[in-house]
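# Coordinate inspection notes
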Amino acid sequence: MNAINYSEFMAVALHNMVLSILKSVETGGLPETNYFVMTFRTDHPGTELPDWLRAEYPHEMQIVMQHWFADLRVGQAGFWVTLNFNNNPETIYVPSAALTSFADPAAGVQFKFLSSNAKSDSSARVSGDGDAPQADGNDEDRGDQGVPAQVLSLDQFRKNTD
């Protein structure tokens, strides 16, 4: 009998939680105090970006959803959103499996998905009251302010079988 892969279950649960959070924003709007900083793999299958963005970010990209975003639509496996890139509104699609991190710095929350390769997530790390990742300037007015990180590693909950 194989061991239960708790890291995989945790990663799936966190991806689904991010989609649930985005779904609540899709239906109810983003509260003024919150904003999201998300990093994702641009080379993950199913990720949809304009060619010029993919050329600029061939492997990974970070986006900010705060003051201006439009047309947020959340599906079962990912989300579409229109963001402003250098004064050019562009719609992108991000499969939830492509996410490598999600943060709401205003709430002091960060989810980091660890990956053994670019295409699949194998574990997750959760941070509460944590530093937000630094964004790439997609939203000039965001005012990133992090607070001290507190990282919870799943390794501390694994039973040692040695």
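For the structure itself, consult the block above.
Residues numbered from 1 in each chain as written. Predicted model: local features only at pLDDT ≥ 70, side-chain atom pairs only at ≥ 80, totals over all residues. Heavy atoms only, no water.

Attention now goes to the pattern of salt bridges. Pairing of side chains with opposite charge becomes possible as their charged atoms draw close. This structure, assessed with the given rule, holds two salt bridges. One salt bridge in this structure joins E26 and K23, with 2.9 Å as the shortest N-O distance. Here the residue E26 and the residue K23 both occupy positions in helix α1 (residues 6-28), the gap between them amounting to three residues, near one helical turn. For E26, a relative accessible area of 27% puts it in the partly exposed group. Looking at K23, the relative accessible area reads 38%, which means it is partly exposed. (Salt bridge = Lys/Arg side-chain N within 4 Å of Asp/Glu carboxyl O. Helix = DSSP H or I, 4+ residues; strand = E, 2+ residues; numbered from the N terminus. Buried < 20%, exposed > 50% of the residue type's maximum accessible area, 1.4 Å probe, protein only.)

To continue, consider the pairing of strand β3 (residues 70-74). Sheet analysis places β3 next to strand β4 (residues 78-85), joined by three bridges and oriented antiparallel. In the strand pairing of β4, V74 is matched with F79. (Pairing = 2+ DSSP bridges.)

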